[in-house]
Amino acid sequence: MKFLRNMAVATLSGLVAIAALSGAPAQAAGDLLVAPTRVILDGKRGTQVILNNVGAEETTYRISLEIKRMGEDGRLEDIDPAGTNEAEKAALALVRYAPRRVTLPPNQPQSIRIGLNPADTLPDGEYRVHMLFRAIPKTQAVTDEAGASDLKIQLIPLYGITIPIIVRKGNLSATAALANARLGRDEDGPVLELDATRKGTRSVYGEFRVMKPGQAKPIIVQKGIAIYPEIGKRRVDLPLSDEEAAAIRGSEVIIAYHDTPENGGGMIAELRTVVR
């Protein structure tokens with residue numbers, strides 16, 4: 001999401017620097033900026049997430065944890081607490097954080113400290129919760145301007161950002177493979193569809209690059225694509241412009257899935273195929 005207000009860009013240099021040092025970009029929704037957008041903990045030390053209110057008014061935000069599961073279409077589904085499994089219950093009990101509610105004046109950063117409760121009795125594995133940051137709407141003053149018979153309904157958008165908090169315990173590993181690349185279309189236009197499979201004890205995460213053999217510059221780069229441990233296979237949709245779709249239709253391409261640059265950018269999986 002890249003719709004920061006122009007008036008606030010100059011004041012965000014400190015937060016952007018923090019995001020760069022943390023190895024993850026900042027994410028914005030409404031008037032809230034969050035960095036980093038993904039946290040991985042190994043139990044040795046905690047970390048922090050930085051919030052910044054880039055709006056023009058003071059706003060209060062509530063921070064909470066929730067469970068989401070990835071489906072084979074790559075979407076994350078909210079899971080009711082009553083429907084969580086044992087690993088998800090353990091993840092909710094494992095992560096601690098403070099504060100849980102903050103009030104931020106405009107352009108005022110605030111750190112949320114994240115730590116872990118003891119995990120000695122938990123089996124090795126990857127545990128994940130999603131941290132939700134949501135603005136609390138201001139209470140509107142009641143006026144006498146409207147008559148008793150008038151009914152007014154005001155819709156107030158509730159902006160929220162969720163980021164994954166991932167805890168890894170033990171010596172975990174994972175591999176991935178790509179297959180069945182094909183051109184498709186969704187409501188926004190053409191997409192390059194492919195199947196990505198994962199094996200192992202942890203998630204994989206990175207960026208997709210699509211290029212033609214012999215060309216160094218990718219035709220498409222799509223960042224922030226994960227395959228979480230609850231699934232072994234997911235569909236990946238890479239948005240295309242009409243020009244990009246025309247450029248790869250019937251052509252041989254190399255589709256590469258790379259780790260993030262801050263983690264070395266190594267190859268996770270690669271597919272060389274002709275796109276139909």
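In this numbering scheme, every chain counts its residues from 1 along its sequence in written order. Local features in this predicted model are restricted to residues whose pLDDT is 70 or higher, and side-chain atom pairs enter the listing and the counts only when it is 80 or higher, whereas totals over whole chains, interfaces and linings include all residues. To obtain the side-chain values, all non-hydrogen atoms of the structure were used and water was disregarded.

Chemist: Describe in detail the pairing of strand S4 (residues 47-53), supporting the description with residues and values.
Modeler: The buried label goes to any residue with under 20% of its type's maximum accessible area, the exposed label to any with over 50%, and the partly exposed label to all in between, with areas taken from a 1.4 Å probe on protein chains only. Think of it this way: any DSSP run of H or I at least four residues long counts as a helix, any run of E at least two long counts as a strand, and we number them from the N terminus. The buried fraction of S4 amounts to 5 of the 7 residues, a majority that puts the element mostly inside the structure. When DSSP locates at least two bridges between a pair of strands, those strands are taken to pair. One ladder, built from 4 bridges, connects strand S2 (residues 32-35) with S4; its direction is antiparallel. Pairing of Leu33 across the sheet is with Asn52, part of S4. Two elements, S4 and strand S9 (residues 109-116), share 6 bridges in a ladder whose sense is antiparallel. Considered in S9, the bridge of Gln48 is made with Arg113.

Chemist: Pulling in residues and values, what's your account of unusual backbone geometry?
Modeler: With an omega of -5 degrees, the peptide bond running from Ala35 to Pro36 counts as cis. Mapped onto the fold, Pro36 is located in the loop between S2 and strand S3 (39-41). Backbone torsion omega between Ala98 and Pro99 reads -10 degrees, so that peptide bond is classified as cis. As for its position among the elements, Pro99 is in the loop between strand S7 (95-98) and strand S8 (101-104). The residue Asn107 is not glycine, and still its phi comes out positive at about 60 degrees. Take Asn107: it is sitting in the loop between S8 and S9.

Chemist: Quick rundown of the packing of aromatic side chains? Include the residues and the values.
Modeler: Under the pairing criterion, centres of Phe, Tyr and Trp rings, with the six-membered ring standing for Trp, must be within 6.5 Å; the plane angle then separates stacked pairs below 30 degrees from edge-to-face pairs above 60, leaving the rest tilted. The full count for this structure, using the stated rule, is 1 aromatic pair. Ring geometry for Phe208 against Tyr257: centres 4.4 Å apart, planes inclined by 15 degrees, an arrangement best described as stacked. Remark: Tyr257 occurs in strand S17 (residues 252-258) and Phe208 occurs in strand S14 (residues 204-211); sequence separation between them is 49 residues. A single burial state applies to Phe208 and to Tyr257, both of which are buried. Put simply, a charge is over a ring when the Lys NZ or the Arg CZ is close to the ring centre, within 6 Å, and near the line of the ring normal, within 35 degrees. Just above the ring of Tyr205 sits the side chain of Arg38; from NZ or CZ to the centre is 3.8 Å. Of note, Arg128 hangs over the ring of Tyr228, and the distance from its end group to the ring centre comes to 3.8 Å.

Chemist: I'd like a description of helix H3 (residues 86-94), backed by residues and values.
Modeler: Taken together, the buried positions of H3 are occupied by Glu88, Ala90, Ala91 and Leu94. Down the axis of H3, the buried set is contained in an arc of 160 degrees. They therefore lie on one face. Opposite the packed face of H3, turned more than 90 degrees from it, sit the exposed residues Glu86 and Ala93. Whether two residues are in contact is decided by their heavy atoms, any of which lying within 4.5 Å being enough. As for H3, its buried residues are in contact with strand S5 (59-70), S7, S9, strand S10 (125-136) and strand S11 (160-169). Pairs of N or O atoms are called polar contacts if they sit within 3.5 Å, as long as, within protein, a hydrogen donor faces a hydrogen acceptor (for residues adjacent in sequence, only side-chain-to-side-chain pairs). Capping of H3 at its N-terminal end is provided by Asn85; its side-chain oxygen lies 3.2 Å from the backbone amide nitrogen of Ala87. Directions are taken from the helix axis to each C-beta atom, and the arc is the one they span.

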